[in-house]
Amino acid sequence: MLTLHELECDVLVAGGGAAGVPCALAAARGGARVVLCQDRSVLGGNASSEVRMHIVGANGTGRFDRGCELETEAREGGIIEEIRLENCVRNLQRSASMFDLILYDKCRSEPNLTLLLNTTVTAAEMAQDAPDEIAFAVAERQSTQDRFHIRARTFIDCTGDGRLAFEAGAAFLRGRESTAEFNESLAERQADDCQLGSTILITARKHDRPMPFVAPQWVRTFSQEELRLRLYAVPGDEEPTHEYGYWWAEWGGSLDTIRDNETIRDELLAITLGIWNHVKNGPPGAPPDDDPFDAAHWALEWIGFLPGKRESRRFIGQHVLTQQDLEASRVFDDAIAYGGWSMDLHPPDGVDRPDEEPCVQHALPYLYDIPLRGCVARDVRNLMFAGRNLSATHVAFSSTRVMATCAAVGQGVGTAAALAVSQGVPAAEIASQPELVAAIQQRLLRDDAFLIGHSYDSPADPVFTARISASSEQPGGEASNIRSGQTRSVHGERGVSPDRRAAGTHRWMSQPGELPAWIQFDWDEPQPIDTVQLVFDTGMHRHLTLSHHDGYTSRMTWGVPQPETVRDYSLQINRAGEWLTLCSITNNYQRLLRHSLPPETTASALRILVTKTNGLDHARIFEVRLR
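One structure accompanies this document, and this report is about it.

Calculation criteria
- Residues numbered from 1 in each chain as written.
- Predicted model: local features only at pLDDT ≥ 70, side-chain atom pairs only at ≥ 80, totals over all residues.
- Heavy atoms only, no water.
- Helix = DSSP H or I, 4+ residues; strand = E, 2+ residues; numbered from the N terminus.
- Rg over C-alpha atoms; globule rule 2.2 N^0.38 Å.
- Buried < 20%, exposed > 50% of the residue type's maximum accessible area, 1.4 Å probe, protein only.
- Contact = heavy atoms within 4.5 Å.
- Areas by Shrake-Rupley, 256 points an atom, 1.4 Å probe, with all protein chains shown as cover.
- Lys, Arg positive; Asp, Glu negative; His and termini not counted.
- Charge placed at Lys NZ, Arg CZ, Asp CG, Glu CD.
- Pairing = 2+ DSSP bridges.
- Axes fitted to C-alpha atoms, helices over the stretch in contact; angles between N-to-C directions.
- Phe/Tyr/Trp six-rings, centres within 6.5 Å; stacked < 30°, edge-to-face > 60°.
- Lys NZ or Arg CZ within 6 Å of the ring centre and 35° of its normal.
- Polar contact = N/O pair within 3.5 Å; in protein donor to acceptor, adjacent residues only side chain to side chain.
- Core = buried A, V, L, I, M, F, W, Y, C linked by side-chain atoms within 4.5 Å.

Glancing now at the overall build of the protein chain. Broken down by element type, the protein chain carries 11 helices and 32 strands. Relative to the globule expectation of 25 Å for 627 residues, the C-alpha radius of gyration of the protein chain, 25 Å, shows essentially globular dimensions. Principal axes of the C-alpha set define a box for the protein chain whose edges measure 85 × 65 × 50 Å. Evaluated residue by residue, the protein chain yields a buried proportion of 60% over its 627 residues. Pairs at least 24 apart in sequence give 77% of the contacts found in the protein chain among residues at least 6 apart. Working note: accessible area of the protein chain is about 23600 Å², and carbon and sulfur atoms make up 48% of it. Within the protein chain, the 85 negative side-chain charges are centred at a point lying 2 Å from the centre of the 60 positive side-chain charges.

This is the structure:
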């Protein structure tokens, strides 16, 4: 018999993957009491050590890179950037388990967050007096024989498969819509139940001697012809390799990716090991001593037993994102995140369609909005969702599904939930309250999320009334840029559409070769200052994500801080003509820093003195905010 525990919180987040972790952290940091239920023993979902897919997003990869320094900086900011930077510096060995630990550390260290691992949401009890509201969720942890009734004011489904929303009876889409249903040119002529398939990944290591591989008798056999569009000519940025593969070993999209997941897992093991057998021992008919892929010294290091699932249920929200929304970069007044990955359609049968490319990527011309209404259930008043189960057609979902986009949406939804709870507003009514939506957007901007066409606006911030000066400045990198309200450049190619962009570098840059360098704020009257917030440059035009693919990682600055980032700096205030150092920071590698000052601190001038970066020969600061 399971022991029953009654829990109460402000926000329940079900699912601890790429969307759920930022969602829970954002809600907790926003002041809400949060419970995060994760059905596995580790966090991260498809990015965890159990699957090992790298987190990609709006900056694209392969044929559709979206990035140019000081012009197009599309990498997601906020919590996912914080996690990426932490992982880059603390996990230089690129360990999948170390990434698990970093995510666990983030959640465990958050005082407002209760983490329940190995705990699966199994049911939702609806309120007797309000059948369109969830009263409590039921979760079970079989490993300890515990059952939880979790009452919350807002419930957020980040499970991918949408288990909580499904149990609550929320309406959802499944399969591929017809062209006529949403007037989408990339949709199917006739609707069907097919979805993107799943993949099992492998890693391998090279040894100093031959390492034989004897395939199990049940593995699939592939000819050279059957793999010609995959192994022999891999689309995108990945050259054929042995240390990590193979995202294109996809299968199961013609089945039910939830109810048939065990069958899909078994077949994917046969497929993936069959490909490895092809690599190690040659195509059928190859001579016994032949080594066509130079793989004799390579051996399997790890093989996943949890399929990396691309698609299952998509829940119907107050708005359904479509192909046209993405292609036109449609303006949504309630935007809480952005995307930019191509519309990335795969044949549902995967490797069973050897004559079809493993994916067809339809590049999007600009970054696009993701609205809050696409993350609020149409028919359950206190239910939200974030991740690949948000409200979108199959075509639009093929872009929004990637994990960095899911993470940005997760932060947006978590932030919205926390602010709405604090004001007593149910999830279903958030988008209809412009002042609340504006407050959510401003909080996201304050937390270094990016929203297209929005800028930080706080008239009470002393920065906006200060006289700003600097030790030096570059053309285009003037000191006054730090109050532009935007913390990146997106005016370049494939950035923000021309009618929505604010051109410029949006950062102060001291003259090349000048360090130390400083930026200073002066006021006629002493200003009370409680907090100093800084946003530094972290090279967001580049790729930065944990990958076990050596070629992809070689395009990153991995294992060290990003060279643009300020490393050592001091905060100084002027009192009676004398500069006093309040704090000195060394070895920084993060982008967003907040410093709480001693109580009742006042200053007629404040200076940030940069003494060292992580590689660049000058200082760069996007933003200074004071409270």
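It is worth spelling out the sheet that holds strand β6 (residues 113–116) at this point. Read across the sheet, five strands follow the order β6-β3-β2-β10-β23 without closing on themselves; strand pairing throughout is parallel. Since the sheet does not close on itself, it has two edges, and those belong to β6 and β23 (383–385), each with one partner. Between one strand axis and the next, the sheet turns through 20 degrees on average, direction left out of account. Taken together, the four bridges between strand β3 (residues 34–37) and β6 define a ladder with parallel strand orientation. Note on β6: the bridge partner recorded for Cys-37 is Leu-116. Contacting β2 (11–14), β3, β6 and β10 (154–157), helix α1 (residues 20–29) runs over the sheet at an angle of about 170 degrees to β3.

Here we take up the packing of aromatic side chains. Going through the model one piece at a time under the given rule, you end up with seven aromatic pairs. Relative to Tyr-569, the ring of Phe-536 lies with its centre 5.3 Å away and its plane at 65 degrees, an arrangement referred to as edge-to-face. Taken together, the positions of Phe-536 in strand β27 (residues 531–536) and Tyr-569 in strand β28 (residues 566–575) put the pair 33 residues apart, joining distant regions of the chain. By way of ring pairs, the aromatic residues Phe-166, Phe-172, Phe-315 and Phe-385 are connected into one cluster. The ring centre of Phe-172 lies 5.5 Å from the NZ or CZ of Arg-313, which sits over that ring.

As a further point, take the side chain of Gln-527. Topologically, Gln-527 is positioned in strand β26 (residues 517–528). Within the structure, Gln-527 has its side chain in polar contact with the backbone oxygen of Glu-525 (distance 3.1 Å). Apart from the residues within four sequence positions on either side, Gln-527 is in contact with Pro-462, Thr-601, Thr-602 and Ala-603.

The subject of this paragraph is the nonpolar core. In this structure, Leu-383 and Met-384 are the most contacted members of the largest nonpolar core, which totals 104 residues. If one sorts the elements of this core by residue count, helix α9 (residues 403–422) sits on top with 13 residues. Among residues more than four places away in sequence, those in contact with Met-384 are Thr-154, Phe-155, Ile-156, Asp-157, Leu-372, Cys-375, Val-376, Val-413, Ala-416, Ala-417, Ala-427 and Ile-430. One finds Val-532, Phe-536, Tyr-569 and Leu-626 within the second-largest nonpolar core, a separate group that totals 28 residues.

Next up on the list: the pairing of strand β32 (residues 620–626). Residues in a regular strand point their side chains to alternate faces of the sheet. The buried fraction of β32 amounts to seven of the seven residues, a majority that puts the element mostly inside the structure. Relative to β32, strand β25 (residues 508–509) is paired through two bridges, and the arrangement is antiparallel. In the strand pairing of β32, Trp-508 is matched with Ile-621. Sheet topology places β27 next to β32; five bridges connect them, and they run antiparallel. From the neighbouring strand, Val-535 faces β32, where its bridge partner is Glu-623.

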